[in-house]
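Topology and contacts: notes
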Amino acid sequence: MNINTRACILPPDLILRLAEAASPERRLALLQSLELDHSFRQFRAEAVGRQPTRPLAGIAPPGGTPSRMIYDQQDSTAPDPGKLARAEGDPPGADQAINDAYDNFGYTYALYWEVFQRNSIDNQGMTIDGLVHYGTDYDNAFWDGAGHMFFGDGDGQALTQTTKGIDVIGHELTHGVTQHEANLTYSGQSGALNESISDVFGSLVKQYHLKQAAEEADWLIGADIVGPELAPALRSMKAPGTAHQHDNQPADMDHYLHTTSDNGGVHTNSGIPNRAFYVVASTIGGHAWQAPGLIWYDALTDPQLQPAATFSSFAKVTLRHARTRYGASSSEASAVQAGWDAVKVPVS
Amino acid sequence: MAPPPIRIRFRRSGGFAGIPLTAATTADQLAGDHAAQVQRLLTEAEAPGGAHLVPAAAGADMFRYELDLDDGQRHRTLAWNETQVPPEVRPLLGTLTSLARPG
């Protein structure tokens, strides 16, 4: 395999493993590609981080109404939007997957606008593009980093229609929010934080829509889209590692998974900050989108939160915002401390 | 004497569910079109995803596909993120996905 200067598709860990077994010349080329890859990722992170998406202080952004565009990919795996199936304000059609995407994006927009006063993905009213019926029996939903969210129909065994999951839609849109805010690098701990934040706000979208208190919520992710192979859910924020037969999420730092797979286990180690949020929300009690959600949103949108943030550095930002918003000796700040203590992430 | 079959190790990681799938087979166990595609991926100098790796796309929850091919004399590892899979390779990856199991 010819690794050239554009070899950024390979994760750094894999490049290092390849280099160990390579000839001296090839090893040099591989290590050079790693250096360039790092530079590329850093440049990308910093470039996106500089995007002026935050409104000027004192100027309230307009908003309150989403701009949704739902496309039918008609089983194609093309990376661009297919046939426009439902635009903002259009009545429901015959396709339930399209209608579910439209509705669940609406509920997601509502949480961000009504609770956090955020106007869509970029806080500037960005159009919400949902691309439905992607691929054939496709067991996934993803954010492409360019403003599009893709949703497969599932194979009926592992996953079913993915637009049915209100938390799934909230999860994917939140990846866009994160990209426009902290832009957490999608690898290692910052990648697991990126995933966790999508689970947190995905779950909050569902709880807000159902008007559930923390003690009433199931704290499951993907419960509405799993097939028999993965029932009852994909992840449990309350009890990571217990959601289905293959679930190996850790519940604290003692069980952090060191791996090269999945960008360093971003969907695995996310169980740790997920559980921290659950503990915070259940300790405070009541509606999790209020104090717990506001503290997490404050942290996510804090310009001091770096793309390479660790669990610990994120934890410190949440604690600082809890103290700022509610007081240094407040029950909310104590709950945030308790949440990170429960998962053994150092805060001080 | 027939050449040894090409050994295939397939892995799909990432995705919203985050459950890796793996499969191991040989090219002669696959349908004709797929076997020929595997042969091309192993032997062609400009194999898609091999000689022209492109930067990983921004984004999240995308699948990542990895193919490790070996015929005893040649060995090649190929990898694509979801939006970078060449159209001519996607049917092969679909078949390998259907053979794969969590692991």
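See above for the structure.
Residues numbered from 1 in each chain as written. Chains lettered and ligands numbered in written order. Predicted model: local features only at pLDDT ≥ 70, side-chain atom pairs only at ≥ 80, totals over all residues. Heavy atoms only, no water.

A look at the sheet that holds strand β3 (residues 63-70) of chain B
Residue and element names in this part refer to chain B. An order of β4-β3-β1-β2-β5 is seen for the five strands of this open sheet, with the pairing classed as antiparallel. On the outer flanks of this sheet lie β4 (75-81) and β5 (101-102), each paired with one strand and no other. The pairing of strand β2 (residues 21-26) with β5 spans two bridges and is antiparallel. Paired with Thr 22 across the bridge in β5 is Arg 101. Packed on one face of the sheet, helix α1 (residues 32-43) meets β1 (7-14), β3 and β4 and runs near 105° to β4. Sitting on the sheet, helix α2 (residues 90-99) touches β1, β2, β3, β4 and β5, and the angle it makes with β3 is about 90°. (Pairing = 2+ DSSP bridges. Helix = DSSP H or I, 4+ residues; strand = E, 2+ residues; numbered from the N terminus. Contact = heavy atoms within 4.5 Å. Axes fitted to C-alpha atoms, helices over the stretch in contact; angles between N-to-C directions.)

Comments concerning the environment of Asn 269 of chain A
Residue and element names in this part refer to chain A. For Asn 269, the position within the fold is in the loop between α6 (262-265) and α7 (271-284). Given a relative accessible area of 0%, Asn 269 falls into the buried group. Sequence spacing of Asn 269 and Gly 93 is 176 residues, and the spatial spacing of their C-alpha atoms is 40 Å. Other than its neighbours up to four places away in sequence, Asn 269 contacts Ala 192, Pro 250, Tyr 256, Leu 257, Gly 264 and Phe 311. Within the structure, Asn 269 has its side chain in polar contact with the backbone nitrogen of Leu 257 (distance 2.8 Å). (Buried < 20%, exposed > 50% of the residue type's maximum accessible area, 1.4 Å probe, protein only. Polar contact = N/O pair within 3.5 Å; in protein donor to acceptor, adjacent residues only side chain to side chain.)

Quick word on the packing of aromatic side chains
Counted under the stated rule, the structure contains 22 aromatic pairs over all chains. Ring geometry for Tyr 134 of chain A and Phe 150 of chain A: centres 5.1 Å apart, planes at 75°, overall edge-to-face. Of this pair, Tyr 134 of chain A sits in the loop between β3 (128-132) and β4 (141-143) while Phe 150 of chain A sits in strand β5 (residues 148-151), and the two are 16 residues apart along the sequence. For Phe 150 of chain A, a relative accessible area of 0% puts it in the buried group. Three or more aromatic residues link up through ring pairs in this structure, and these residues are Tyr 134, Tyr 138, Phe 142 and Phe 150 of chain A together with Phe 10, Phe 63 and Tyr 65 of chain B. The positively charged end of Arg 12 of chain B is found above the aromatic ring belonging to Phe 63 of chain B, 3.7 Å away from the centroid. (Phe/Tyr/Trp six-rings, centres within 6.5 Å; stacked < 30°, edge-to-face > 60°. Lys NZ or Arg CZ within 6 Å of the ring centre and 35° of its normal.)

Side note on the nonpolar core
In this structure, Phe 105, Phe 201, Trp 219, Phe 277, Trp 296 and Trp 340 of chain A are the most contacted members of the largest nonpolar core, which totals 78 residues. Residue contacts for Trp 219 of chain A: discarding those within four places in its chain leaves Ser 203, Gln 207, Ala 214, Arg 235, Ser 236, Met 237, Lys 238, Phe 277, Tyr 278, Ala 281 and Ala 288 of chain A. (Core = buried A, V, L, I, M, F, W, Y, C linked by side-chain atoms within 4.5 Å.)

Remarks on the layout of surface pockets
Of the pockets and cavities examined, the second largest pocket occupies roughly 710 Å³. What lines the second largest pocket is a set of 33 residues, among which Asp 139 and Asp 155 of chain A together with Arg 12, Leu 21 and Thr 97 of chain B lie closest to the centre. Mapped onto the lining of the second largest pocket, the elements with two or more residues apiece are β1, β3, α2 and β5 of chain B. Among the elements that line the lining of the second largest pocket, the one with the most residues is α2 of chain B, at five residues. Counted by class, the lining of the second largest pocket contains 13 nonpolar, 12 polar and eight charged residues. (1 Å grid on protein atoms, 1.4 Å probe; cavity = no way out; pocket = protein on both sides within 12 Å on 5 of 7 lines; lining within 4 Å. Points joined across faces, edges and corners; volume = space filled by probe spheres on them. Nonpolar A, V, L, I, M, F, W, Y, C, P; charged D, E, K, R; others polar.)

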